[in-house]
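Spelled out from the first residue to the last, the chains are:
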Amino acid sequence: MNSSKRIVSAAVLVVLVGASYFAGFKFGVRSVPAESLVQNVINKDGKMDSVDFATFWKAWKILDDKFSSNSTSSTSTLASSQDRVWGAIKGMTESLGDPYTVFFPPAEAEIFKSEIAGSFSGVGMEVGIKDGKLSVVSPIKGSPAEAAGVKAGDFIVRIDDVESLSMSTDRAVKLIRGKSGTSVKLTLARDGIAQPFVLSIIRDIIDIPTLKTDDKDGIFTISLYSFSASSANLFRNALKEFVDSGDTKLVLDLRGNPGGYLDAAVDMASWFLPTGKMIVREESQGKAEDKEYRSKGYDIFTDKLRMVILVDGGSASASEILAGALSEQGVAKLVGAKTFGKGSVQELVPITSDTSLKVTVARWLTPNGRSISHEGITPDYVVPVTDADIKAKKDPQMAKAVEILNTVK
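Residues numbered from 1 in each chain as written. Predicted model: local features only at pLDDT ≥ 70, side-chain atom pairs only at ≥ 80, totals over all residues. Heavy atoms only, no water.

## Details of the packing of helix H1 (residues 54–66) against helix H2 (residues 81–94)
(1) Moving on: Put simply, H1 and H2 touch, their axes get as near as 13 Å, and they point 140° apart. On the basis of the axis angle, H1 is oblique to H2. Once H1 is placed against H2, the crossing between them reads as right-handed. Residues Phe56, Trp60, Leu63 and Asp64 of H1 form the contact with H2, whose participating residues are Ser81, Arg84, Val85 and Ala88.
(2) Moving on: For the contact of H1 with H2, a count of residues per class yields five nonpolar, one polar and two charged. (Axes fitted to C-alpha atoms, helices over the stretch in contact; angles between N-to-C directions. Helix = DSSP H or I, 4+ residues; strand = E, 2+ residues; numbered from the N terminus. Parallel < 35°, antiparallel > 145°, perpendicular 65-115°, else oblique. Left-handed = near helix turned anticlockwise from the far one by under 90°. Contact = heavy atoms within 4.5 Å. Nonpolar A, V, L, I, M, F, W, Y, C, P; charged D, E, K, R; others polar.)

## Some thoughts on a negative patch on the surface
(1) Moving on: Among the surface-exposed residues, Asp214, Asp215, Asp217 and Glu241 lie close enough to one another that they form a single negatively charged patch.
(2) Moving on: Mapped onto the secondary structure, Asp215 falls in strand E15 (residues 211–216).
(3) Moving on: The exposure class of Asp215 is partly exposed, given its relative accessible area of 40%. (Patch = residues over 30% accessible without salt bridge, like charges linked within 9 Å, V, L, I, M, F, W, Y side chains within 5 Å. Areas by Shrake-Rupley, 256 points an atom, 1.4 Å probe, with all protein chains shown as cover. Salt bridge = Lys/Arg side-chain N within 4 Å of Asp/Glu carboxyl O. Lys, Arg positive; Asp, Glu negative; His and termini not counted. Charge placed at Lys NZ, Arg CZ, Asp CG, Glu CD. Buried < 20%, exposed > 50% of the residue type's maximum accessible area, 1.4 Å probe, protein only.)

## Here we look at the environment of Asp65
(1) Moving on: Within the secondary structure, Asp65 is located in helix H1.
(2) Moving on: Using a relative accessible area of 53% as the deciding quantity, one classes Asp65 as exposed.
(3) Moving on: Here Lys61 takes part through its side chain, which lies 2.8 Å from a polar atom of the side chain of Asp65. (Polar contact = N/O pair within 3.5 Å; in protein donor to acceptor, adjacent residues only side chain to side chain.)

## Topic: the pattern of salt bridges
(1) Moving on: For the structure on display, the rule yields 16 salt bridges.
(2) Moving on: Among the salt bridges present, the one from Lys61 reaches Asp65, with a minimum N-O distance of 2.8 Å. Of the two residues, Lys61 and Asp65 both sit in helix H1, four residues apart, roughly one turn of that helix.
(3) Moving on: Here Lys90 makes a salt bridge to Glu108, at a shortest N to O gap of 2.8 Å. Residue Lys90 is found in helix H2, and its partner Glu108 is found in helix H3 (residues 106–117); the two are separated by 18 residues along the sequence.

## Observations concerning the pairing of E15
It is a general feature of regular strands that their side chains alternate between the two faces of the sheet.
(1) Moving on: The pairing of E15 with strand E16 (residues 219–224) spans six bridges and is classified as antiparallel. In the strand pairing of E16, Asp215 is matched with Phe220.
(2) Moving on: Linking E15 to E16, which pair antiparallel, is a turn of two residues; within it Asp217 sits at a positive phi near 55°. (Pairing = 2+ DSSP bridges.)

## Some points on the sheet that holds strand E21 (residues 306–311)
(1) Moving on: In space, the six strands of this open sheet follow the order E15-E16-E17-E21-E22-E25, with mixed pairing throughout. A single partner strand is all that each edge strand has here, and the edge strands are E15 and strand E25 (381–382).
(2) Moving on: Here four bridges tie E21 to strand E22 (residues 333–336), and the two strands are oriented parallel to one another. Its bridge partner being in E22, Leu310 is matched across the sheet by Val335.
(3) Moving on: Each of strand E17 (249–253), E21 and E22 is contacted by helix H8 (residues 318–328), which is oriented at about 145° to E21, the strand it contacts most.
(4) Moving on: This element, helix H10 (residues 396–406), spans E16, E17, E21, E22 and E25 of the sheet and lies at about 165° to E21.

Structure below.
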């Protein structure tokens, strides 16, 4: 059976520390025959002849014969044979050098399931890898992380007393997550600030917002915080509010939105594009064929519509797909800051009943063929937001959007 669901958040892994959007995922539930898990290996029942596994078994035997659990640390213990198998798979996976390709042994697989369900506590931010370093994709609106002053683009230098700048996202999530009411200490580095600084954050149950609307001075604003399972329906209702208002000027605010379900992004784009217009292309990194996602053709707006999309460094994955599609198809102008740049697709494949492998299988391309990964999307109007703006409660990006929409076309 192959009923996979693509999720495009995070980012990034896109892993939320306290609530989850998982960018770029497709959850495969197909079974994998045991005989197909290893190929081209000498010493595998005498089959194949490409890789000599004798050195692996030699190292295994040396560890069996010589390792002493007391020789290095009083806390080290002798791993079971099965634990060593998990460790070998994990090491093989890490050798690929892709921070989003990860093997989950039983305990970590269970944690990953809880993250997908969103049924856990944390600080409420998404983490990812940016320029090879562990960084914040975006804090969630109203979360402890946002309240403490965490910002999109912050690099995570330490988690409590553990060095974390080169840490995998999965390990970082394990360290940052915890029981509601407990605290975690994050040492962060931020562009424009000379020295790393420390924030102590109290974990809490995270309530993930999805969408809100506002209608002011003839301009209708839809602020979308995630591409959740319910986002498409909520967005449709918001568009009905917009149409009923009689306004023709629309701001779609995707700032700080780390992504979510690809289907939701495709559905939203379809309200603005005729049938068959390209939204995003999935370029396979392996043997699978490339896939194209095109408009369903709801296309309810006339040429009277004027639209601006707000983006920033916390806009990732599904946000970048939607913004990129509507920008390149001539529907909307982009205002704000360069987006995060999360455009890879992961597939979650069960290895055993209690382990799984999350593997990067493709990347996302905009309608014009631009790779979202790493490059991100630079808006038509780059408008910085300074600390002074924040303290004064000014929003120059929104102000620029209003200016554009009020300019006679």
